[in-house]
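Geometric and topological summary
Here is what each chain is made of, one letter per residue.
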Amino acid sequence: MMPPDRPMLDVVDLHTRFRTGDGVVRAVDGVSFSIHRGQTLALVGESGCGKSATALSIMRLIDPPGEIADGQIRLHSVDDNPPVDLRTLSERRLREIRGRRVGMVFQDPMTALNPVLPVGGQIAESIRAHRPVDRRRAWHDTIELLDDVGIAAPDRRARQYPHEWSGGMIQRALIAMAVAGRPDLLIADEPTTALDVTTQAQILELLQRLQREFGMAILFITHDLGIVADMADDVCVMYAGRIVERADVRTLFTQPAHPYTQALLAALAGFDRSPTRAEPIPGGVPHPLHLPDGCRFHPRCVLSRRLAADGRRETAVVPRDRESVIVLRNCIRPVDGRDIGGPSLRPVAAGHDVACWEANDGAAIGIARP
Amino acid sequence: MPNNTSSAVETGANRTPRRRRETQTYRTWRQFRRHRTGLFGLSIIFTLMLIAVSAPLIAGNQPIACHFDGQWHFPALVDVANKIPFLSFVLNKSKPFRFAGFDAKTAVGDDESAIWPVVRYGPLETTSDGLARPSREHWLGTDEVGRDLLARLVHGAVVSVKVGVVSMGIAAVLGVLLGGAAGYFGGWTDALISRLIEVVMCFPVFFLILSIMVWIEPDINNVMVVIGLTRWTGIARYTRAEFLRLKSQDFVAAAVVSGAGPLRIMLRHLLPNAMSPLWGTIAFGMAQAVLTEAGLSWLGFGVQWPEPSWGNLLRSAFEHRGVAPAMIAGPSVAILLTVLAYNLVGDALRDATDPKRAATP
């Protein structure tokens, strides 16, 4: 593995929120991470935990009523120019960065191309958007790109319309489009979710090959831990708008420290080839307008529950919404009832950060399957 | 034999069958084609347009072709050509087709070799035979100063076609620009344009046009501009809604992240996708425009007498309804057919571009 040099992208304390009629949804609530050149960072979590909102924030694609409220999105350049903050960049300069320095691949290939324009035309158009080439040259490059991403008979295929292509082919075309400008960073927002498994593997292989060829960093968003193990160098696990665990891929899979990460791994059927049943995580992601006090995961947390059942943790009856519910006082903290928000990331080992007050490391908690 | 078939299957599997390019327009046309009434309407409109363009060849006092003084002349053809800007320029430069004071009727007698239009009267040509009944000479009769009504009807078609196309052209451009800006930019732009649309829609359009026409010169060009300036709201609302819907589609985001600017997004990605529901609206608008023009001309605010238009033909028929009741047939049937045709085409277009129907092959 190449030594991690300067980061390509630094996201620092990113806050993205959506003003709705019922209140403010904090979709991304203080997320920080770095991606290094040539490396892949995976952003993992259940649906609705803020993975895509993070990606869209980096691309500045958050439209009102959403806004990026706070934080920095520092994009470093390959040469020694100072980094730019994508959050405060003007729309005009942002356009120069989109496609040329940061590319993006979307989740659903069937809706990511304009249905009334031929596929090749759309790729050629994106080539011409950031390189001063004429139509013929752009078309020529388009055919080459399509050939490169494994489209058979690219010159004939390029003249066809998106509905004449299969999902896997379109995803290849979209990847071709995203890397046309040779970006330093590629954001892949669940690029294989809408595809069948064999196509998934081909697309992942393609992404890895292109990463080797161009040396670009990839921010890979997925809920599929199998893909994470395959693709990622580093992993950030997100829950309810926050990063709850951050580690390199080996550490995360062998010594998961956060109960949520452990639960995710336990939910992965046959991950270690043991003949056990997959263990679902009880409950669901909390409603973004009614987040639990304290640690946002504690209502679903096995560790929290077990510690309380063992009598090793204090519980308290706290009135909330006209009902009294028993909650774990120690996962809310402090005891005087003032909510200080959840736990923040703290290192448990070198390069391994966890946002949990109780976890020490994976072994200590030992959430094992039955 | 079995060997032959299997190899044929193999080669067949290797190349996809050659078929017609599936563009949006082609798909719409395929749907439209199945609509019999729509095709009927379309054929009426095409016929009408053909009549309008070649009006001097159908009714006029100039021969289509005649041999005179050792030379061939094509006076009526020149009349047609003169309506087409570029062609008239070339013709006038190249050769004097018609010399000054050429009176074909007296110069070319019936014995001379000449091809005449079906109706040998011009739309403004008076005869001594006023308010005549339909006859072999005047198929639809004549008006109070003896002008052939069929000739006037044919030349009146020009106005109807022009009004439909030009006024809806103005309305479409205005509507797409304003509605598109409102849908794409949102915020204040949207609020402002949406309020403007609502204000314009508040007025009953015909009376709005009437009250504008009172203040300006009653002229066909003014009528077209005024209809265009008041009929854009429906198109604008459609465009705004379509842009709003399309703006949040993935392919727009994909275009944005590959570095496309707002103008490219609007023209290349939003507009082509937004057009299909607009065609129906435009066709209905044309029917409305034809009716509005006829109404204005009937009231005397549109095409000015003695220039023919279906509206003022209807007016003069109405004034002489006691003496010559047959006068009313021509213009009323013409208006009815035209409006019906535009509406049928609009209906068929609306069905053809309906995504719920497009799924059927």
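Residues numbered from 1 in each chain as written. Chains lettered and ligands numbered in written order. Predicted model: local features only at pLDDT ≥ 70, side-chain atom pairs only at ≥ 80, totals over all residues. Heavy atoms only, no water.

Regarding the sheet that holds strand E5 (residues 84-85) of chain A
Hydrogen bonding along the main chain pairs the strands of a sheet, whether they run parallel or antiparallel. Residues and elements named next belong to chain A. An order of E2-E1-E4-E5 is seen for the 4 strands of this open sheet, with the pairing classed as antiparallel. The open sheet has two edge strands with one neighbour each: strand E2 (23-36) and E5. Inspection of the sheet shows strand E1 (residues 7-20) paired to E2 by 11 bridges, in the antiparallel sense. Considered in E2, the bridge of leucine 9 is made with isoleucine 35. Against the sheet, helix H1 (residues 51-58) engages E1, E2 and strand E4 (66-75), with an angle of about 70° to E2. (Pairing = 2+ DSSP bridges. Helix = DSSP H or I, 4+ residues; strand = E, 2+ residues; numbered from the N terminus. Contact = heavy atoms within 4.5 Å. Axes fitted to C-alpha atoms, helices over the stretch in contact; angles between N-to-C directions.)

Concerning the pairing of E4 of chain A
Residues and elements named next belong to chain A. Bridge count for E1 against E4 is 8 bridges, and the pairing is antiparallel. By the bridge assignment, threonine 16 is partnered in E4 with isoleucine 68. The pairing of E4 with E5 spans 2 bridges and is antiparallel. Bridge pairing links arginine 74 to aspartate 85 in E5.

A closer look at the packing of aromatic side chains
For the structure shown, the criterion picks out 6 aromatic pairs over all chains. Consider the rings of tyrosine 184 of chain B and phenylalanine 185 of chain B, whose centres lie 5.1 Å apart with planes at 85°: the pair is edge-to-face. Look at tyrosine 184 of chain B and you get buried, because its relative accessible area is 18%. Aromatic ring contacts, followed pair by pair, group Tyr239, Tyr260 and Phe297 of chain A into a single cluster. Over the ring of tryptophan 298 of chain B we find arginine 315 of chain B, and its NZ or CZ is 4.4 Å from the ring centre. Cation over ring: arginine 321 of chain B sits above phenylalanine 318 of chain B, and NZ or CZ is 4.2 Å from the ring centre. (Phe/Tyr/Trp six-rings, centres within 6.5 Å; stacked < 30°, edge-to-face > 60°. Buried < 20%, exposed > 50% of the residue type's maximum accessible area, 1.4 Å probe, protein only. Lys NZ or Arg CZ within 6 Å of the ring centre and 35° of its normal.)

Some remarks on the interface of chain A and chain B
Tallying the contact residues gives 28 residues for chain A and 23 residues for chain B. Summing both sides of the interface, chain A and chain B together bury roughly 2300 Å²; the carbon and sulfur share of this comes to 56%. Three residues, Arg95, Val116 and Glu125 of chain A, lead the burial of chain A against chain B; their summed loss comes to 23% of the area buried on that side. At the boundary of chain A and chain B, one finds 2 salt bridges. A salt bridge links arginine 268 of chain B to glutamate 125 of chain A, with the nearest nitrogen and oxygen atoms 2.7 Å apart. On the surface where chain A and chain B come into contact, there are 8 residue pairs in polar contact (both at pLDDT 80 or more). Within the residue set of the side of chain A that touches chain B, elements represented by two or more residues are strand E6 (102-105) and helix H3 (119-130) of chain A. Among the elements that line the side of chain A that touches chain B, the one with the most residues is H3 of chain A, at 6 residues. Here the side of chain A that touches chain B is composed, by residue class, of 13 nonpolar, 8 polar and 7 charged. (Buried area = accessible area lost by both parts, 1.4 Å probe. Salt bridge = Lys/Arg side-chain N within 4 Å of Asp/Glu carboxyl O. Polar contact = N/O pair within 3.5 Å; in protein donor to acceptor, adjacent residues only side chain to side chain. Nonpolar A, V, L, I, M, F, W, Y, C, P; charged D, E, K, R; others polar.)

Points about the pairing of strand E9 (residues 234-239) of chain A
Where a strand is regular, its side chains alternate between the two sheet faces. Residues and elements named next belong to chain A. Of all 6 residues that make up E9, 5 are buried, and the element is covered over most of its length. Relative to E9, strand E3 (residues 40-44) runs parallel, the two sharing 4 bridges. The residue bridging valine 44 from the neighbouring strand is valine 237, located in E9. Judged from the 6 bridges that link them, E9 and strand E10 (residues 242-248) form a sheet pairing that is antiparallel. Residue pairing across strands places methionine 238 opposite isoleucine 243, the latter belonging to E10. Between E9 and E10, which pair antiparallel one after the other, the connecting turn spans 2 residues, and alanine 240 there sits at a positive phi close to 45°.

Describing the domain arrangement of chain B
Residues and elements named next belong to chain B. In terms of domains, chain B is made up of domain 1 (55-137) and domain 2 (151-358). Between domain 1 and domain 2 the total buried area reaches about 900 Å² when both faces are included, carbon and sulfur atoms providing 80% of it. Sorting the residues of domain 1 by area buried against domain 2 places Pro123, Leu124 and Leu131 first, and these three jointly supply 56% of that buried surface. The tally of links from domain 1 across to domain 2 stands at 0 salt bridges. Taken together, the links from domain 1 to domain 2 amount to 2 residue pairs in polar contact (both at pLDDT 80 or more). With 3 residues, the single largest contributor to the side of domain 1 that touches domain 2 is helix H4 (residues 55-58). Looking at the side of domain 1 that touches domain 2 residue by residue, the class counts come to 10 nonpolar, 1 polar and 1 charged. (Domains from an automatic or database assignment.)

Comments concerning the pattern of salt bridges
Per the counting criterion, the structure on display carries 24 salt bridges over all chains. Between arginine 101 of chain A and aspartate 184 of chain A there is a salt bridge, with the nearest N and O atoms lying 3.6 Å from each other. Taken together, the positions of arginine 101 of chain A in the loop between helix H2 (91-97) and E6 and aspartate 184 of chain A in the loop between helix H6 (167-179) and strand E7 (185-189) put the pair 83 residues apart, joining distant regions of the chain. Its relative accessible area of 14% is what places aspartate 184 of chain A among the buried residues. The closest approach of N and O atoms between glutamate 242 of chain B and arginine 245 of chain B, which form a salt bridge, is 2.9 Å. Here arginine 245 of chain B and glutamate 242 of chain B lie together in helix H12 (residues 233-247), a separation of 3 residues that amounts to about one turn. Residues joined in a network through salt bridges with shared partners are Arg17, Arg19 and Glu67 of chain A.

A few points about the packing of helix H13 (residues 250-257) of chain B against helix H14 (residues 262-274) of chain B
Residue and element names in this part refer to chain B. Taken N-terminus to C-terminus, the directions of H13 and H14 make an angle of 170°; their axes are 11 Å apart at the nearest point. Overall, the two elements H13 and H14 adopt an arrangement that is roughly antiparallel. Residues Phe251, Val252, Ala255 and Val256 of H13 form the contact with H14, whose participating residues are Ile265, His269, Leu270 and Asn273. Among the residues making up the contact of H13 with H14, the classes are represented as 6 nonpolar, 2 polar and no charged. (Parallel < 35°, antiparallel > 145°, perpendicular 65-115°, else oblique.)

Digging into the packing of H12 of chain B against helix H15 (residues 276-299) of chain B
Residues and elements named next belong to chain B. Between H12 and H15, whose axes approach to 10 Å, the crossing angle comes to 170°. Accordingly, the angle class assigned to the pair H12 and H15 is roughly antiparallel. Two secondary-structure elements touch here, H12 through Gly234, Ile235, Tyr238, Thr239 and Glu242 and H15 through Pro277, Leu278, Thr281 and Ile282. Broken down by class, the residue content of the contact of H12 with H15 amounts to 5 nonpolar, 3 polar and 1 charged.

Topic: a nonpolar patch on the surface
On the surface, Phe40, Val333, Leu337 and Leu340 of chain B cluster together into a nonpolar patch covering about 340 Å² of accessible area. Examining the composition of the nonpolar patch, we find that 3 residues originate from one element, helix H17 (residues 329-352) of chain B, more than from any other. (Patch = residues over 30% accessible without salt bridge, like charges linked within 9 Å, V, L, I, M, F, W, Y side chains within 5 Å. Areas by Shrake-Rupley, 256 points an atom, 1.4 Å probe, with all protein chains shown as cover.)

Here we look at the sheet that holds E3 of chain A
Residues and elements named next belong to chain A. Overall, mixed pairing links the 8 strands, which are arranged E6-E7-E8-E3-E9-E10-E14-E13 in an open sheet. Each edge of the sheet is formed by a strand with only one pairing partner; in this case those strands are E6 and strand E13 (346-349). For this sheet, the mean inter-axis angle between neighbouring strands, taken without regard to orientation, is 20°.

Concerning the nonpolar core
Among the nonpolar cores identified, the biggest contains 90 residues, and Leu9, Phe33, Ile58, Leu86 and Ile187 of chain A are the most heavily contacted of them. Tallying contributions element by element places H6 of chain A first for this core, with 9 residues. Judged by nonpolar contacts, the second largest core, of 43 residues, contains Val161, Ala287, Leu313 and Ala352 of chain B. (Core = buried A, V, L, I, M, F, W, Y, C linked by side-chain atoms within 4.5 Å.)

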